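# Remarks on the overall topology
One-letter residues, chain by chain:
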Amino acid sequence: MTTDRADEQAPLLRVEDLAVRLPTGRREMVDAVRAVSLTVRRGERVGIVGESGSGKSVTGRAIAGLLPENPRVRVTGSIRFDGVEHVGAPARAWQQVRAHRVGMIFQDPLTFLNPTMRVGRQVREAIPRRRGEPVEQEVLRCLALAGLTNVEEVVLRFPHELSGGMRQRVLVAIAIAKRPELIIADEPTTALDATVQQRVLQTLDETVTTLDTALVLISHDLAVVAGMTDRLYVMWGGRVVEAGPTAEVMSHPKHPYTQALLRSVLSLVDEEVELYSIPPAFRDWLRDEGAAVSFIDEAVR
Amino acid sequence: MSDAAPSPAEVLAAAERALAAPPTGVAPTRPGGRRRTSLWRAFFRKPSTYIYLGILALMVLASFVGPAFAGDPVATAYQKLLPPSGELLLGTDHLGRDYLARVLQGGQVSLLVGVSVAVLCMTLGLVIGGLAGFFGGFADIVLVRVAEFFQVLPALVLALVSAALFGANEVVIIVILSITMWPAVARIVRAESMRIEQLGYVESARAAGFRALRILWSDVLPNAMPPVIVATTMTVGRAILVESALSYLGVGDSNRPSWGALLNSAQGYLTTGWWLALFPGLCIFVVVLAVNMLGDSLNDSLNPSIGKVK
C-alpha cells in the first residue's frame, strides 16, 4: 500500500464544496447541504455538530454514498478518498468504499439490525471474505472489541433479545468488522439513556484508538462531540459555520450560532441560569445572513 | 448460607461492586436451554401445532400408505351404492367400487396438487415480487404488468384448453394453477419488500457494502416471510379447491380421481348415496382448514419479535 505517500499527498477524506439537493415533494427541492468542505486525516477524530435539519446527517450519508437512489437527488462538489474522486462515481465504486473503507453506525440500533437474523451472522456477513483466519473467531473478537461480554452467548441472540446498549455495541461491532479506515457515527448514542451513552461512547473511543480508525462523529450534542474529537465542524442551515480544533471552538466560539449552541449547553450545568434557547429573532437573522458568515479556522484547511 | 439479613453497608458494597463490573452482561430472557431453536420452539410448544400437524400427517399417511391396506379402488367387486358399514367403511360408489379405497387414493392427487402449487407459487412470488418491490422503478413496472397479465388469465378456461392440448394429467394441472396463482403471492412479497426496503437494517446492510441481491436475499426476503407463509398456506387450500373445480369440469386423470373428481361424480347421487359427497368433501375441508390454521400459527411464532418485545 502507498499509505505513507497518500498520507502526505491527500488526507483520507477530503470533501469540498459538497452540495446536496433532496426532493421534498412533487416539485419542491431542499438544499440540505450547501458548500460543505471538510477534511479527515488518517486516525483523526472529527465531530460535526448542529441542530436538526442542519445537514449534518445528510453530509454523513453523502460521504458513505448512502443518499436515496433517486435521480432527483443532486450531489455536487467533491468527495475524495485518498485523493480519488467519488462524486459521480458508479454505484459499484461506492459499494467498494462501503465494503472496505467506511463503516457506519446509526442512531437507532433496533431498526438498524435485521430482526430475523442472529447477531453472530450479522457480524459475520460484514467481515470481508479475504481475511485468512477463521471467521467465527473474528466475529467474537469484533463483539468483544465493541465492549460486549459473554460474546459466545451474544452471537446466538436475536436483536430484540438484547438491551439497547448491547444493540448499539453490536452495530459498532458490525461497523468495525471490515476494519474500516473511517467510521461515520451518526448520532450513535442518541437513542440510549445517559449512563449507557457514556459507556458506549467510551467503548467507541477505545475501539477507534485500538484500530487506529478515523472517526466522524455526528451529533446534536456538543458534550458528546467535545469529549471525543480532535476537530469540530459546526453546521447550520446546510453550511459549515465554524470549524477548528475542538478545544479552540469550545473555548473561543466565533460564530454567533456556535456561541448560542454553547450557551444552551452550559446553562444546563449551571443551575442559576435558565435554560437557554436560541431566540426566534436570532434564528431569522441566522437564516437571512448569519449562516453566510463562516468562521473556519484557516489552519484546518 | 447465613440466614441473617445483610446490613445496609453490605448491600451498598455489593451494589457498588455490581456497578463497577464490566458494563454489559447477557441478561437471559429465559433461563437455560439452547437458543438455536427458540423460534421453532415457540411454534412447537403450542399444543395446537401438534393437532394440525397430526391431522395433516394422518391425511398424508392415509393417502399415500393407506391404499396398500385398502381394497382395489377400480374393481367393481361389490353391489352398487352400499351405505357405509362395518365391512365397507365408506360403502361403495355407483359402480360398486370400494369407496374407502377411492377416497384414500383421491388424496394423493389433491395433496400433491395443493402442496406443489403452493411451493411453486411461493418460489415465483418471492423471486418476482422481491425483485419488483426491492428494485422498484422500471423493473417494478414490468414485473407488475407481467403479474397482472397472469392474474387475469382465467384459470379454468386455461386449464380446459391445456387439458385439450397437453392431456389431462397432474403436471399440467399443477403448472396451470401455479401460473395463475403466483401473482397473489408476488403482490404480497412486493408490498412487503417495498416497506422493508425503507427500513434501517437495509440501509445498514447497504452501509456494510453488500450487493443489492444479497440484501434482498438475507435482509428483505426473510423479513417478508410472515405474510408470505400465510399466503402460501392459503394457496394450498385454494389449489385443492380449484383442482376440485377442474375435476368437477372433467379435467384430470379419470383413472386417478382426486377428491374434487369424487365430489363431481357424487353430484348425481346426493339423495341415494349421501356418503359419496360427504367423505371427499370432508377430507378437503379438514386438510384446507388444518393447513390454514397451521400457517396462521406459524406466522405468529416465526416472527421473532411478535409478543416478545420488552
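A short tour of the structure in this document, coming up. Quick caveat, the model's predicted, so the values are computed rather than measured.

### So, the overall build of chain A
Within chain A, the regular secondary structure consists of twelve helices and eleven strands. The burial tally for chain A puts 44% of its 301 residues in the buried class. Counted over contacts in chain A with a minimum sequence separation of 6, partners at least 24 positions apart contribute 67%.

### Describing the pairing of strand E3 (residues 45-49) of chain A
All names here are of chain A. Taking burial as the measure, the five residues of E3 include five buried ones, the bulk of the element. Both faces of E3 are covered, namely the face carrying Arg45, Gly47 and Val49 and the face carrying Val46 and Ile48. Note that E3 and strand E8 (residues 214-219) share five bridges and pair parallel. Paired with glycine 47 across the two strands is leucine 217, which belongs to E8. Direction of pairing for E3 relative to strand E9 (residues 231-236): parallel, over a ladder of four bridges. Across the sheet, valine 49 pairs through a bridge with valine 234, a residue of E9.

### Here's the deal with the nonpolar core
In terms of nonpolar packing, the biggest core is built from 149 residues, with Leu143(A), Ala173(A) and Val234(A) touching the most fellow members. Looking at which element gives the most residues to this core, the answer is helix H5 (residues 99-135) of chain B, with 19 residues.

### Some remarks on the packing of helix H8 (residues 170-197) of chain B against helix H10 (residues 212-248) of chain B
Residue and element names in this part refer to chain B. Between H8 and H10, the shortest axis-to-axis distance is 9 Å and the interhelical angle comes to 155 degrees. On the basis of the axis angle, H8 is roughly antiparallel to H10. Of the two elements, H8 crosses H10, and the hand of that crossing is right-handed. Classifying every residue of the contact of H8 with H10 by side-chain character gives 16 nonpolar, four polar and four charged.

### Description of the pairing of strand E6 (residues 102-105) of chain A
Residue and element names in this part refer to chain A. On E6, burial covers both faces: Val102 and Met104 on one face and Gly103 and Ile105 on the other are all buried. Sheet analysis places E6 next to strand E7 (residues 182-186), joined by four bridges and oriented parallel. The residue bridging isoleucine 105 from the neighbouring strand is alanine 185, located in E7.

### A word on the packing of H5(B) against H10(B)
Residue and element names in this part refer to chain B. Taken N-terminus to C-terminus, the directions of H5 and H10 make an angle of 145 degrees; their axes are 8 Å apart at the nearest point. Crossing angle aside, the handedness with which H5 passes H10 is right-handed. Residue-level contacts link Ser110, Val113, Gly114, Val115, Val117, Ala118, Cys121, Met122, Gly125, Leu126, Gly130 and Phe134 of H5 to Leu216, Val220, Leu221, Val228, Thr232, Thr235, Val236, Ala239, Ile240 and Glu243 of H10. In terms of residue class, the contact of H5 with H10 is made up of 15 nonpolar, six polar and one charged.

### A few points about the sheet that holds strand E2 (residues 29-40) of chain A
Residue and element names in this part refer to chain A. Pairing is antiparallel in the open sheet, where four strands are placed in the order E2-E1-E4-E5. The outermost strands of the open sheet, each flanked by one partner alone, are E2 and strand E5 (84-85). In this structure, strand E1 (residues 13-23) lies alongside strand E4 (residues 74-81), joined through seven bridges in antiparallel fashion. In the sheet register, arginine 14 faces E4, and the bridge partner there is arginine 80.

### Side note on H10(B)
Residue and element names in this part refer to chain B. With 37 residues, H10 should reach 54 Å at 1.5 Å per residue; the first-to-last C-alpha distance of 46 Å falls well below that figure. Helix geometry: H10 is bent most strongly at proline 226, by close to 55 degrees. Looking one or two residues past H10, glycine 250 carries a phi angle of roughly 95 degrees, positive in sign.

Here is what the cut-offs are and how they apply
- Residues numbered from 1 in each chain as written.
- Chains lettered and ligands numbered in written order.
- Predicted model: local features only at pLDDT ≥ 70, side-chain atom pairs only at ≥ 80, totals over all residues.
- Helix = DSSP H or I, 4+ residues; strand = E, 2+ residues; numbered from the N terminus.
- Buried ≥ 20, exposed ≤ 12 C-beta atoms within 10 Å, placed from the backbone.
- Contact = placed C-beta atoms within 7 Å.
- Pairing = 2+ DSSP bridges.
- Core = buried A, V, L, I, M, F, W, Y, C linked by C-beta atoms within 7 Å.
- Axes fitted to C-alpha atoms, helices over the stretch in contact; angles between N-to-C directions.
- Parallel < 35°, antiparallel > 145°, perpendicular 65-115°, else oblique.
- Left-handed = near helix turned anticlockwise from the far one by under 90°.
- Nonpolar A, V, L, I, M, F, W, Y, C, P; charged D, E, K, R; others polar.
- Expected span 1.5 Å × (residues − 1).
- Bend = angle between axes of the 7 residues up to and from the residue.

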